[in-house]
Every structure is written in structure tokens, then in C-alpha cells.
Amino acid sequence: IAADYAAASVAEAYRGGRIADYEPAPDAWAGLAGDGRTVAGLVDGAMVTAKDAIKIGKPLPEALASGGAWLSMAVATAMADTHRGVEQVGFVGRRVRQYARQLTGSTNCGRCIILAGRLYYAQTAFLRHPQCDCTHVPAADAQGGAALNPHEYLDGLSDEQLARALGSKANAQAWRDGADVNQLINAYRRKGGVQTAQNGLRHTTEGMTRAGWGRQVMTTYGATGVRLMPSSIYEIARNRDEAQSLLRTYGWIL
């Protein structure tokens, strides 16, 4: 399927396609995961995960469930990696030199969403997280559409899907009120970057270095202290206009 998709995608992007210098051999990917391990090794990983859960005192049903969840994640990732690998060889064999990152479905994570439509050279694989189902299309085919445009993609989500993609209902509301999606997603970029103070207000350390965007904007508006998260801004704002003003003050609205 992946090999056929590569051929059809190039044919559509380049108006009739290109004669392939070579075709991918899908069987070459059989039995291997994207990181080079064997599929059998992935099965062993599920067993190790379950045993580790038992060692720390989890009940047997819960331990087995954790092993099963790990296996489901690993298999889904391996299948996606295989599909992408075959596609990429099919593209390069037809002398495609650039491709665009494309979203799939309506459950993409925020990190993937903000990278939708980004261009890459054919020989450079984009970074992926476990269960990432992003794919790539020839750059000549990247003319638009929600799968290649973060804002169009977010516009098409339900309230629940939008909150899940952006991390919270408050972030979803902030985006509707004009906040920049990159700022919202990058607030969680570093582990422990979003914190809760003793007064219950949440803030992020992202953008708060001396040359960071958040600190620069706050300085411009005369704000000091921590960079409040949108959830805290909506807690203290008396109305929507004040909320938007604070979103701008703390660098969420550009």
C-alpha cells in the first residue's frame, strides 16, 4: 500500500508522475522496527514492562494491562515507521527532493500540529514521537489544506479535540481569543516547564530567559514575575477584554 501511495502521490503532485529509477522492496522492512530492533524484540519489551510493573507492586491485571498498552503503542509505531520508510524510498526513487510534513486524522498532538506543512529534504527524516502518525507528501503537492496548515486543522476540531490538542480547555479558549498556537504548545516543551505556585496560579518557564520572547514582551508591558499560563489569566481576568489584554502582556497573543 505504501509503495502504491508513493507512486500515486508523485503522479498527482507532478502531473503524470515520474519514471522511477528504482522501486522500494517492502519485504525488506518486514520484521524490523523503526529503531532497528526486531519485531520479536518489541514483544519482549511488553513482557519486560509487565514484569517491571509487578516488581513495584502493581496488581497482576494492571501489570498485564500496562504491558499490553506498551505493545499496542510499539506495534502501531513500528507499522507507521514501516509505511513511512517505504514511502520515502518510493519518493527518492522518483527524484523527489523535498516533502512536506502532513497530519493524519483528528487526534494529532500539539507538537505535530505546529509542524504541519514544514518542508524537509528527502534525505532528512523528521523527528517523531511514539505513535506519531504524521506522514510526508511531495512538496509540489503541499498546496494547502488542513493536514498541512496548523490553523486550518485547529479550525476543524471540536471543542473537546481542540482542548486535547492544545493541552487544556483554557489553552483552547486562548487560541480562540487570538493566542499563537506555537506559544501555547511550546509552553510544555521542557519537562517541568509548567508549574503551579502556592497561590494556585500556573505559570511556565518557557520564554523566560534573558532573551526569551515571554520576558521581552512582559518587560515591554511593564509586567514582572512569572509568565502566567492562560488558565491562570482566565481565573483572574474580570472579562474577555481584560483576558485578551493579559494574554498579550504575557506573550501569548503576538
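As a reminder, the structure under discussion sits directly above these lines.
Would you mind going over the overall build of the protein chain with me for this structure?
Across its full length, the protein chain carries 11 helices and 6 strands. A principal-axis box enclosing the C-alpha atoms of the protein chain has dimensions of 60 × 55 × 35 Å. Restricting the contact set of the protein chain to residue pairs at least 6 apart, pairs at least 24 apart contribute 60%. Accessible area for the protein chain stands at about 14000 Å²; split by element, carbon and sulfur atoms hold 55% of it. Across the protein chain, the centroid of the 27 positively charged side chains sits 8 Å from that of the 23 negatively charged ones.

What is the right way to read the environment of Leu 42 from this model?
Relative to the helices and strands, Leu 42 resides in helix 2 (residues 39-55). Looking at Leu 42, the relative accessible area reads 4%, which means it is buried. Taking C-alpha positions, Leu 42 is 36 Å from Gln 183, a pair spaced 141 residues apart along the chain.

Help me understand the sheet that holds strand 1 (residues 98-102), please; the structure alone is not making it clear to me.
The strands making up a sheet associate through backbone hydrogen bonding, with each pair oriented either parallel or antiparallel. Strand order in this open sheet of 3 strands is 2-1-3, and the pairing throughout is antiparallel. On the outer flanks of this sheet lie strand 2 (119-121) and strand 3 (135-138), each paired with one strand and no other. Direction aside, neighbouring strands of the sheet carry axes that sit 40° apart on average. Looking at chain direction, strand 1 and strand 3 are connected through 4 bridges and run antiparallel. Each residue of the ladder has a partner; that of Ala 100, found in strand 3, is Val 137.

How should the packing of helix 6 (residues 159-166) against helix 7 (residues 169-176) be read in this particular structure?
How two helices pack is summed up by the angle between their axes together with the distance between the axes. Contact pair helix 6 / helix 7: the axes reach a minimum separation of 7 Å and the direction vectors enclose 100°. What the angle tells us is that helix 6 and helix 7 run roughly perpendicular. Here helix 6 contributes Asp 159, Leu 162, Ala 163 and Leu 166 to the contact with helix 7, which in turn contributes Lys 169, Asn 171, Ala 172, Trp 175 and Arg 176. Counted by class, the contact of helix 6 with helix 7 contains 5 nonpolar, 1 polar and 3 charged residues.

Even after reading the chapter, I still don't get helix 3 (residues 60-93), so can you show me in this structure?
Within an α-helix, residues lying three or four positions from one another point in the same direction, as the helix has 3.6 residues per turn. Across its 34 residues, helix 3 extends 49 Å between first and last C-alpha, which sits within 8% of the 50 Å expected from 1.5 Å per residue. Two residues or fewer past helix 3, Arg 95 is found with a positive phi of approximately 60°.

Would you mind showing me how to read the packing of aromatic side chains here?
Describing an aromatic ring pair means giving the distance of the ring centres and the angle of the ring planes. All told, the structure shown has 0 aromatic pairs when counted by the stated rule. Across from the ring centre of Trp 252, 4.0 Å away, lies the NZ or CZ of Arg 227, which sits over that ring.

Hey, could you run me through the pattern of salt bridges in this one?
Pairing is possible between side chains of opposite charge, provided their charged atoms come close. One pass over the structure, following the stated rule, counts 6 salt bridges. Across the salt bridge formed by Asp 177 and Arg 240, the nearest N and O atoms sit 2.8 Å from each other. On the criterion of sequence distance, the pair formed by Asp 177 in the loop between helix 7 and helix 8 (181-186) and Arg 240 in helix 11 (residues 240-249) is long-range, its members being 63 residues apart. Given a relative accessible area of 5%, Asp 177 falls into the buried group. Across the pair Arg 190 and Glu 206 runs a salt bridge whose closest N-O atoms are separated by 2.4 Å. Of this pair, Arg 190 sits in the loop between helix 8 and strand 4 (194-196) while Glu 206 sits in the loop between strand 5 (202-204) and helix 9 (213-220), placing them 16 residues apart in sequence.

Thresholds applied
Residues numbered from 1 in each chain as written. Predicted model: local features only at pLDDT ≥ 70, side-chain atom pairs only at ≥ 80, totals over all residues. Heavy atoms only, no water. Helix = DSSP H or I, 4+ residues; strand = E, 2+ residues; numbered from the N terminus. Contact = heavy atoms within 4.5 Å. Areas by Shrake-Rupley, 256 points an atom, 1.4 Å probe, with all protein chains shown as cover. Lys, Arg positive; Asp, Glu negative; His and termini not counted. Charge placed at Lys NZ, Arg CZ, Asp CG, Glu CD. Buried < 20%, exposed > 50% of the residue type's maximum accessible area, 1.4 Å probe, protein only. Pairing = 2+ DSSP bridges. Axes fitted to C-alpha atoms, helices over the stretch in contact; angles between N-to-C directions. Parallel < 35°, antiparallel > 145°, perpendicular 65-115°, else oblique. Nonpolar A, V, L, I, M, F, W, Y, C, P; charged D, E, K, R; others polar. Expected span 1.5 Å × (residues − 1). Phe/Tyr/Trp six-rings, centres within 6.5 Å; stacked < 30°, edge-to-face > 60°. Lys NZ or Arg CZ within 6 Å of the ring centre and 35° of its normal. Salt bridge = Lys/Arg side-chain N within 4 Å of Asp/Glu carboxyl O.

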